[in-house]
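Below are the chains, spelled out letter by letter.
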Amino acid sequence: MRLDKFLSDCKVESRKNLKKIIKQGAVSVNGVCEKDPGKNISESDTVTVYDQVIEYEKYIYLMLNKPQGYISATDDPRQRTVLELLEEEYLLYELFPAGRLDIDTEGFLLLTNDGKFAHDILSPKKHVPKTYFATVEGHMGEKEISVFNEGMDLGDFVTKPATLEIIDFIGENTNVYVTISEGKFHQIKRMFEKVGSSVLYLKRISMGGLTLDDSLSPGEVKKLTKEEINLIKETK
């Protein structure tokens, strides 16, 4: 690829400034100063800018522990968006949420600039499971477990089989794990409404084989490794 394309993908500088710093002699390829923005290089070449080695990175993937009060969007004139939680260095990558969590839902939200990856993990055809912890009204039991497992007709669509696991009872309420392979608008809330309950608290705790990092406080992010990214693709 072209040298300026390489540096653009790595978000070294704004596209406007890239050719300028290259022509000024700030960039070297394999130890040799390179002033041609169109120089053809490969990902295996060693590229430095102001003597700092630049690792090729076109796509990035962030795990965000989303707090309540933020919407899963890139821009909104009225509500705070999850992108407002990111440090400036990440904003250069034009990230977007892979899927959504409601404004009052917490937990694992993936942010990336890889559209194909996002599509793959969100597609119901891929069967990538998403697991949530929820506190719901009433006492759930075998009847509700069976209804979730069979799939539900919510009017505008029929859910795929889901897993409902009862953790414990807190007074008149129930703590549960819910695992779905879709992500329709308000889906989990609507599923509990279908069985005569309502969600009091909801938090996504995993996507595929990757679980939310316990060390992340609400609003914090971590950059995912290749191994962690591959875990997300795990299906049941």
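Attention here is on the structure that accompanies the text. (Residues numbered from 1 in each chain as written. Predicted model: local features only at pLDDT ≥ 70, side-chain atom pairs only at ≥ 80, totals over all residues. Heavy atoms only, no water.)

A separate point is the overall build of the protein chain. Secondary structure summary: the protein chain contains 7 helices and 13 strands in total. Against the 2.2 N^0.38 benchmark of 18 Å for 236 residues, the protein chain shows a C-alpha radius of gyration of 22 Å, more extended than a compact globule. Taking contacts inside the protein chain between residues at least 6 apart in sequence as the whole, the part at least 24 apart equals 64%. For the protein chain, the exposed area adds up to about 12800 Å²; of that, 46% sits on carbon and sulfur atoms. Each charge class in the protein chain can be summarised by its mean position, and for the 32 positive and 39 negative side chains these summaries are 7 Å apart. (Helix = DSSP H or I, 4+ residues; strand = E, 2+ residues; numbered from the N terminus. Rg over C-alpha atoms; globule rule 2.2 N^0.38 Å. Contact = heavy atoms within 4.5 Å. Areas by Shrake-Rupley, 256 points an atom, 1.4 Å probe, with all protein chains shown as cover. Lys, Arg positive; Asp, Glu negative; His and termini not counted. Charge placed at Lys NZ, Arg CZ, Asp CG, Glu CD.)

Before going further, it helps to examine the pattern of salt bridges. Oppositely charged side chains can pair when the atoms bearing their charge come close. Summed over the entire model, instances satisfying the criterion amount to 9 salt bridges. Two residues, R2 and D4, come together in a salt bridge whose shortest N-O distance is 2.8 Å. Two residues, D104 and K189, come together in a salt bridge whose shortest N-O distance is 2.8 Å. Of this pair, D104 sits in the loop between β6 (96-97) and β7 (106-112) while K189 is found in helix α6 (residues 187-194), placing the two residues 85 residues apart along the sequence. (Salt bridge = Lys/Arg side-chain N within 4 Å of Asp/Glu carboxyl O.)

With antiparallel pairing, 4 strands are arranged side by side in an open sheet as β2-β1-β3-β4. Strand pairing shows two members of the sheet lacking a second neighbour, β2 (32-33) and β4 (52-54), which therefore form its edges. For strand β1 (residues 27-29) and β2, the ladder comprises 2 bridges, and the chain directions are antiparallel. Within β2, the residue paired with S28 across the bridge is C33. (Pairing = 2+ DSSP bridges.)

Before going further, it helps to spend a moment on unusual backbone geometry. Within the chain, D51 stands out as a residue other than glycine whose phi angle is a positive 70 degrees. Assignment of secondary structure puts D51 in the loop between β3 (47-49) and β4. Residue D51 is classed as exposed on the basis of its relative accessible area, which comes to 74%. With phi around 55 degrees, E94 is a residue other than glycine that occupies positive phi space. Tracing the backbone shows E94 in the loop between α3 (88-91) and β6. Exposure remark for E94: the relative accessible area of 63% places this residue in the exposed category. (Buried < 20%, exposed > 50% of the residue type's maximum accessible area, 1.4 Å probe, protein only.)

Attention now goes to the state of the cysteines. Every disulfide links exactly two cysteines, by a covalent bond between their sulfur atoms. Under the defined criterion, the tally for this structure stands at 0 disulfides. For the unlinked cysteine C10, the closest cysteine sulfur is that of C33, found at 18 Å. Given the relative accessible area of 9%, C10 is considered buried. (Disulfide = S-S within 2.5 Å.)

Along the chain, Y59 turns up in the loop between β4 and β5 (61-66). Classification of Y59 by relative accessible area gives partly exposed; the value is 36%. Taking the C-alpha atoms as reference points, Y59 and C10, separated by 49 residues in sequence, lie 8.7 Å from one another. Beyond its immediate chain neighbours, meaning those up to four positions away, Y59 contacts N113 and D114.

Pairing between β7 and strand β11 (residues 199-207): 2 bridges, direction parallel. Paired with E106 across the bridge in β11 is K203. In the sheet, strand β8 (residues 130-137) pairs with β11 via 7 bridges, with the strands oriented antiparallel. Paired with T135 across the two strands is Y201, which belongs to β11. Across 2 bridges, β11 lies against strand β12 (residues 210-211) in antiparallel orientation. In the sheet register, M207 faces β12, and the bridge partner there is L210.

Keep in mind that these numbers describe shape and distance, not what the molecule does.
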